[in-house]
Amino acid sequence: MTNLACIANTYPDKASALSRQLGLSICKTSEIEQWLDWVSDKKDSELKLALCSKTQGPVFVDFLAGKKAHRRQFGGGKGQPLVRAMGQLENALPTIIDATAGMGGDSYVLASLGFKVTMIERSPIVASLLEDALNRAQAHKSELPQELKESIEKLSLINADSARYLLDFQPEIDVIYMDPMYPEKKKKAAAKKEMQALQHLVGPDLDSEKLLEAALKTARYRVVVKRPKGADPVVCRHNNIQPTAQISSPNTRYDIYVIKALTASGQL
Ligand SMILES: C[S@@+](CC[C@H](N)C(=O)[O-])C[C@H]1O[C@@H](n2cnc3c(N)ncnc32)[C@H](O)[C@@H]1O
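What counts and how
- Residues numbered from 1 in each chain as written.
- Predicted model: local features only at pLDDT ≥ 70, side-chain atom pairs only at ≥ 80, totals over all residues.
- Heavy atoms only, no water.
- UniProt positions renumbered as here; feature names shortened; annotations may be inferred.
- Near = heavy atom within 4 Å.
- Polar contact = N/O pair within 3.5 Å; in protein donor to acceptor, adjacent residues only side chain to side chain.
- Areas by Shrake-Rupley, 256 points an atom, 1.4 Å probe, with all protein chains shown as cover.
- Helix = DSSP H or I, 4+ residues; strand = E, 2+ residues; numbered from the N terminus.
- Nonpolar A, V, L, I, M, F, W, Y, C, P; charged D, E, K, R; others polar.
- Disulfide = S-S within 2.5 Å.
- Buried < 20%, exposed > 50% of the residue type's maximum accessible area, 1.4 Å probe, protein only.
- Domains from an automatic or database assignment.
- Contact = heavy atoms within 4.5 Å.
- Buried area = accessible area lost by both parts, 1.4 Å probe.
- Salt bridge = Lys/Arg side-chain N within 4 Å of Asp/Glu carboxyl O.

If you check an unreviewed UniProt entry, the protein chain appears there as Ribosomal RNA small subunit methyltransferase J from Thiomicrorhabdus immobilis. Per its UniProt entry, the protein chain bears the Subcellular location (unreviewed entry) comment "Cytoplasm".

Structure follows, in structure tokens:
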């Protein structure tokens, strides 16, 4: 993990506005491990805010192209485990808070299938990548196919610590979804570029228990926690609440805490 991220001086006006917003200094990229800069590529000249480093290519969020668009088209639709884990209400799709938004991949899949998703991300740097992608998508809204436009409209973003936010504001929400960063495993195959950059920037999330407790106090319908296959569930130490259901896929497991079942059994 590094706290050395800062902003490159490639676009001085943009850099000084962002440095005021994020409280990060502007510096020479030769002196640091990770930095924010604006990049474009041959296919698309539009500038995107990206997390950059010496060891790998720039990482940015793009809701309209690349991996996210591919996952939206070919990810398995409503049958994919992530979506099944959200459950179904009688008359409407559940509303969702993605309490660990990261690069917005899971949020976007859910939004593209019609769920209204509030993304909460505590790292101001990661949140700024999401905000930049949302702003770019909004700017292109009039040119987008209806389906894509609707997906973007279903997404909103809050830069905050979710545990604090849930307890302070007690939002009315059906499902709270969590995908905390797991501690890096030495033997594991290298994580994807995006996840490597995130791991380096924010490190493992060691306070997931606190977030789960706040989520269980807030969600009306269920809390869903993504875990690696074989990992223990996140533990609520004071009452040891266990998941009421699980959905597994080859590398991942979704632990589901159904509020009605937990309340009926006296655990909540
Ligand atoms: C593994 S990543 C999530 C990846 C995301 N599901 C995706 O599809 O891109 C975990 C993210 O959750 C954020 N996070 C962890 N705990 C949080 C909390 N209590 N409040 C807000 N964000 C949190 C971390 O900063 C990190 O960016």
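Asker: Please clarify how the site of the ligand should be interpreted in this entry.
Answerer: Taken together, 21 residues sit near the ligand, with Met103, Asp106, Glu121, Ser162 and Asp179 positioned nearest. Between an oxygen atom of the ligand and a main-chain N or O atom of Asp106, the distance comes to 2.9 Å. At 3.3 Å, a side-chain N or O of Asp161 approaches a nitrogen atom of the ligand. Out of a free accessible area of 610 Å², the ligand has 96% covered by protein chains. When contributions to the shell around the ligand are tallied by element, the ones reaching two or more residues are helix H4 (105-112), strand E5 (117-121) and helix H8 (193-202). When residues in the shell around the ligand are grouped by element, the largest group, 3 residues, is from H8. Taken together, the residues that form the shell around the ligand break down as 10 nonpolar, 5 polar and 6 charged.

Asker: I would appreciate a short explanation of the state of the cysteines in the present structure.
Answerer: Counted by the stated rule, this structure contains 1 disulfide. One disulfide in the model links Cys6 with Cys27; its S-S distance is 1.9 Å. On the sign convention where negative means left-handed, the S-S torsion of about -75° between Cys6 and Cys27 marks this disulfide as left-handed. Residue Cys6 is found in strand E1 (residues 6-7), and its partner Cys27 is found in the loop between helix H1 (12-22) and strand E2 (34-39); the two are separated by 21 residues along the sequence. No disulfide involves Cys52; its nearest neighbouring cysteine sulfur is the one of Cys6, lying 11 Å away.

Asker: Could you clarify how one ought to interpret unusual backbone geometry in this entry?
Answerer: Leaving glycine aside, a negative phi is the common case for residues, and trans is the common case for peptide bonds. In the Ramachandran plot, Gln170 falls in the positive-phi region, its phi being about 40° despite a non-glycine side chain. Examined against the element boundaries, Gln170 turns out to sit in the loop between helix H7 (162-169) and strand E7 (175-178). The backbone phi angle of Asn240 is positive, close to 50°, even though this residue is not glycine. Take Asn240: it is sitting in the loop between strand E8 (222-228) and strand E9 (245-248).

Asker: Explanation requested: the side chain of Asp106 in the structure shown.
Answerer: Note that Asp106 resides in helix H4. The class for Asp106 is buried, based on a relative accessible area of 8%. Polar contacts involving the side chain of Asp106 include one to the side chain of Tyr177, which spans 2.8 Å.

Asker: I would appreciate a short explanation of the domain arrangement of the protein chain in the present structure.
Answerer: Buried accessible area, meaning the area lost when the parts come together, often serves as the stated size of an interface. Domain annotation for the protein chain reports domain 1 (1-59) and domain 2 (61-264). Inter-centroid distance (C-alpha atoms) of domain 1 to domain 2 is 25 Å. Contacts between the two partners involve 19 residues from domain 1, matched on the other side by 18 residues from domain 2. Taken over both partners, the interface formed by domain 1 and domain 2 buries close to 1600 Å², and the fraction arising from carbon and sulfur atoms is 60%. One can count 0 salt bridges joining domain 1 with domain 2. Across the contact surface, domain 1 and domain 2 share 7 residue pairs in polar contact (both at pLDDT 80 or more). Counting residues per element, the ones that place at least two in the side of domain 1 that touches domain 2 are H1, E2 and strand E3 (48-53). Residue contributions to the side of domain 1 that touches domain 2 peak at 4 residues, all from E3.

Asker: Even after reading the chapter, I still don't get the UniProt feature "binding site: S-adenosyl-L-methionine" (unreviewed entry) in the protein chain, so can you show me in this structure?
Answerer: When the UniProt feature table is mapped onto this chain numbering, "binding site: S-adenosyl-L-methionine" (unreviewed entry) sits at Glu121, Arg122 and Asp179. Taken together, the annotated residues stretch across 59 residues yet fold into one region, lying no more than 13.1 Å apart by C-alpha. The topology assignment puts Glu121 in strand E5. On the basis of relative accessibility, which here comes to 10%, the residue Glu121 falls in the buried class. Discounting chain neighbours no more than four positions away, the residues touching Glu121 are Thr100, Ala101, Gly102, Val126, Ala127, Leu130, Ile158, Asn159 and Ala160. Mapped onto the elements, Arg122 comes out in the loop between E5 and helix H5 (124-139). On the basis of relative accessible area, Arg122 is assigned to the partly exposed category, the value being 37%. Setting aside its immediate chain neighbours within four residues, Arg122 contacts Asn159, Ala160, Asp161, Asp205 and Asp207. In terms of polar contacts, Arg122 uses its side chain to reach the side chain of Asp161, at 3.0 Å.

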